[in-house]
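# Structural overview
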Amino acid sequence: MVGAADTGASFEPTLWSENFTRGPAVNAASIIIKAPTGRSRLPIVELNESAVRQDRKQIRVRRGSAKRAQLDSSFGNFSRTLDIRAWRFYHAAKKTEFTTSFSRNRANELGLVFAHEYREFFTWTHENLRRTDRTVFGVEDFFSSALAGRFGEAAAYLTMVSLGYVYWDRIAVLAERAMKSAVITHSDCLRRGRAVRARLGVNQPDLEPDFAFENMQQQVALVEAKGSVVDPERDDPSTKDDLRHALRQIDAWATMILPTPHKYYAIGTYFREESDSSDDPSLIAVVDPPAASDPEVEPIEFPPDWIRRGNYGAWLRTMGLNESGNALVTVRKGTGAGFVLPVMTIGKYEFAVLPRGLVEHSGQSMRQGSYVEMLMDFLSWGVRPFFDRLGHPISPASSSCSILLFGLEVGVFQHVARALASPSEPVLLQVESIADDQSAEWFSGSTLPDGSMVGTIRPGHSPPPTRMQEFVL
């Protein structure tokens, strides 16, 4: 059952539940999502940069040739393999999606609806991650193509995490915030635009690379992510065109920002359908070009903690703390409101959590007693207004469902609170990454090195001992 708060403060549910109860009801939030289950793999192949850039240069080995028989794929041998758990993939996809600012209602909607898109798109029964087969007369429409692009971003994110990068934000968001903060004049903005157009050889500025990543040593990498589904009949993935375009985007922006990126990555993820009989699997193709030359124009300078501010601001929005998330990324002082949150232990870490919906575990039910105990705990935290908005009756009859939790490691959360209290101080540079430790029988979900968490109480297990702690945001 719920323990006493460390702060000794009395629990005021409205201090944080107001994030869910203001405004009109969100119909999409009444969806019960299916729990992400399973695990799979995506092999990674590193492509030669000059071959990708060069016209009429083939980057695939001819099918059926003697050389092809000696290789892992038509693109060459794999350098390594990315292991992917379904929960972790869902976690990464949510992080990439919430770097864009949404209204509260739109954020609540996306937080749940995406799980249905995610579940229907993939099959996790293969050792190699596959897209579910389309119907015989199906056409790959714009919606499916857009989904593949979003999943490509998630795969690129996990690839960068595997390379030791912890924090990230979208380049467009970073650049816009930096120019506003530095009060860059309109003429300077136009000058930078002309420089980008000249490098790309186009009349209008092209898209910027997707992401800026940062590792624990504060080294920055630019990443452009691509993703698509390979037509099984044509077996002609757009890998070369995609990665050439990605390299051009990186070239144009490589010297446009400070701190100067020390690495650049063009990452394409190419999903195969479940019944695709090609000898190529779903795979990730990576091009890692060398460092850029000297800048032609004065670069846009990011303050040292801005990528981390963007990273945690997006996750606060994912958790439902929209005002605090927006204040963090725009370097504004927080409201100073106290949020008393439940704190649970997963492995050797403690996480402050917020409920975001209901998850159905197919074929599994929680023990009746543990489900009632869990609901009583959550109701005592003051979340009944949240579940009233979901439109679901809270009763033991719903024992196949558990509560979807989004959270942040307590130590990280305290650094975020200090960053909100002192916007001019780069407090987030003191944050330490966490290990992937999920040694808790009750937990089904994912944790990432930046301290973010998403998951549920595992069916058949009682909820863990819980205490309350106040965070001033």
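In this text the structure is predicted, and so the values were computed from the model without any measurement. (Residues numbered from 1 in each chain as written. Predicted model: local features only at pLDDT ≥ 70, side-chain atom pairs only at ≥ 80, totals over all residues. Heavy atoms only, no water.)

### Some thoughts on the overall build of the protein
So the rule is basically this: Helix and strand definitions follow DSSP, with helices as H or I runs of at least four residues and strands as E runs of at least two, each counted in order from the N terminus. Each residue is assigned to one of three classes by its accessible area relative to the maximum for its type, calculated with a 1.4 Å probe on protein chains only: buried under 20%, partly exposed between the two thresholds, exposed over 50%. Residues count as neighbours in contact if any of their non-hydrogen atoms are within 4.5 Å of one another.
The number of helices and strands found in the protein is 14 helices and 18 strands. Taken across its 473 residues, the protein has 55% of its residues classed as buried. A separation of at least 24 residues holds for 80% of the contacts in the protein among residues at least 6 apart in sequence.

### Notes on the environment of Ser-278
Here is the rule we go by: Pairs of N or O atoms within 3.5 Å make up the polar contacts considered here, provided that, within protein, one atom can donate a hydrogen while the other can accept it, and that residues adjacent in sequence are counted only when both atoms are side-chain atoms.
Inspection of the secondary structure assignment puts Ser-278 in the loop between strand E10 (263–273) and strand E11 (283–287). Residues Ser-278 and Glu-233, spaced 45 residues apart in sequence, show a C-alpha to C-alpha distance of 9.2 Å. Sequence-distant contacts of Ser-278, that is, excluding residues within four places in its chain, are made with Arg-63, Asp-235 and Arg-272. Separated by 3.5 Å, the side chains of Ser-278 and Arg-272 make a polar contact.

### Some thoughts on the packing of helix H11 (residues 322–329) against helix H14 (residues 410–421)
Threshold: Every angle, taken between N-to-C directions, lies between 0 and 180 degrees, and every axis is a line fitted to C-alpha atoms, over only the stretch in contact when it is a helix. Working definition: roughly parallel below 35 degrees, roughly antiparallel above 145 degrees, roughly perpendicular at 65 to 115 degrees, and oblique for all remaining angles. If you view the pair so one helix is near and one far, a crossing is left-handed when the near helix is turned anticlockwise from the far one by less than a right angle, and right-handed when it is turned clockwise. Each residue receives one of three labels: charged for Asp, Glu, Lys and Arg, nonpolar for Ala, Val, Leu, Ile, Met, Phe, Trp, Tyr, Cys and Pro, and polar for the others, Gly being one of them.
Here H11 crosses H14 at 65°, and the two axes come no closer than 10 Å. As judged from the angle between their axes, H11 and H14 are roughly perpendicular. For the pair H11 and H14, the crossing hand works out as left-handed. For the pair H11 and H14, the contacting residues are Ser-324, Ala-327 and Leu-328 in the first and Val-416, Ala-419 and Leu-420 in the second. Considered class by class, the residues forming the contact of H11 with H14 number 5 nonpolar, 1 polar and no charged.

### Notes on the pattern of salt bridges
Formally: A pair is scored as a salt bridge if a Lys or Arg side-chain nitrogen falls within 4 Å of a carboxyl oxygen belonging to Asp or Glu.
The final tally for this structure, using the stated rule, is 23 salt bridges. Of the charged contacts in the structure, one is a salt bridge between Arg-53 and Glu-49, with a shortest N-O distance of 2.7 Å. With Arg-53 and Glu-49 both in helix H2 (residues 49–53), this residue pair falls 4 residues apart, about one helical turn. Of the residues examined, Arg-53 reaches a relative accessible area of 30% and is grouped as partly exposed. A residue is classified by how much of its surface remains accessible, and Glu-49, at 22% relative accessible area, is partly exposed. The closest approach of N and O atoms between Lys-95 and Asp-450, which form a salt bridge, is 2.7 Å. Placement of Lys-95 in helix H4 (residues 86–97) and of Asp-450 in the loop between strand E16 (443–447) and strand E17 (452–457) is noted, with a sequence separation of 355 residues between them. Its relative accessible area of 1% is what places Asp-450 among the buried residues.

### Brief notes about the nonpolar core
Convention followed: Only buried Ala, Val, Leu, Ile, Met, Phe, Trp, Tyr and Cys residues count toward a nonpolar core, and they belong to the same one when joined by side-chain atoms within 4.5 Å.
The biggest cluster of nonpolar side chains holds 67 residues, and the ones touching the most others in it are Leu-47, Tyr-312, Phe-413 and Val-416. Ranked by the residues each element gives to this core, the list is headed by H14, at 7 residues. When sequence neighbours within four positions are dropped, the list of residues in contact with Phe-413 reads Leu-316, Met-319, Leu-321, Leu-341, Ala-352, Leu-408, Phe-471 and Leu-473. Core analysis: the second largest hydrophobic core is formed by 36 residues, Ile-44, Ala-148, Tyr-157 and Met-160 among them.

### Structural notes on H11
Taking burial as the measure, the 8 residues of H11 include 6 buried ones, the bulk of the element. Among the residues of H11, those classed as buried are Asn-322, Ser-324, Gly-325, Ala-327, Leu-328 and Val-329. The positive-phi residue at the C-terminal boundary of H11 is Val-331, with phi of around 55°.

### Thoughts on the packing of helix H10 (residues 306–319) against H11
Running from N to C, H10 and H11 cross one another at 170°; their axes reach a closest spacing of 7 Å. Between H10 and H11, the angle falls in the class roughly antiparallel. For the pair H10 and H11, contact is made by Arg-309, Gly-310, Tyr-312, Gly-313, Leu-316 and Arg-317 and by Asn-322, Ser-324, Gly-325, Asn-326, Leu-328 and Val-329, respectively. Of the residues belonging to the contact of H10 with H11, the class tally is 4 nonpolar, 6 polar and 2 charged.

### Side note on the confidence of the model for the protein
Convention followed: Every residue carries a pLDDT, the predictor's confidence in it, which falls somewhere between 0 and 100.
Looking at the protein as a whole, its pLDDT mean stands at 78, while 70% of the residues score no less than 70. At the level of individual helices and strands, the protein shows its lowest average pLDDT in helix H1 (residues 14–21), which scores 36, and its highest in E11, which scores 98. Confidence drops under a pLDDT of 50 for residues 389–398, and excluding neighbours within four residues, the segment shows 28 contacts in the predicted structure.

### A few points about the side chain of Arg-130
What counts here: Note on charges: Lys and Arg go in the positive column, Asp and Glu in the negative column, and His and the chain ends are not counted at all.
Checked against the element boundaries, Arg-130 lands in strand E5 (residues 130–131). Buried and without a salt bridge, Arg-130 has Asp-276 as its closest oppositely charged side chain, separated by 5.1 Å. A distance of 3.5 Å separates a polar atom in the side chain of Arg-130 from the backbone oxygen of Asp-276. In this view, Arg-130 contacts Phe-121, Phe-122, Thr-123, Arg-272, Glu-273, Glu-274, Asp-276, Asp-280, Pro-281 and Ser-282; residues no more than four positions away in its chain are not counted.

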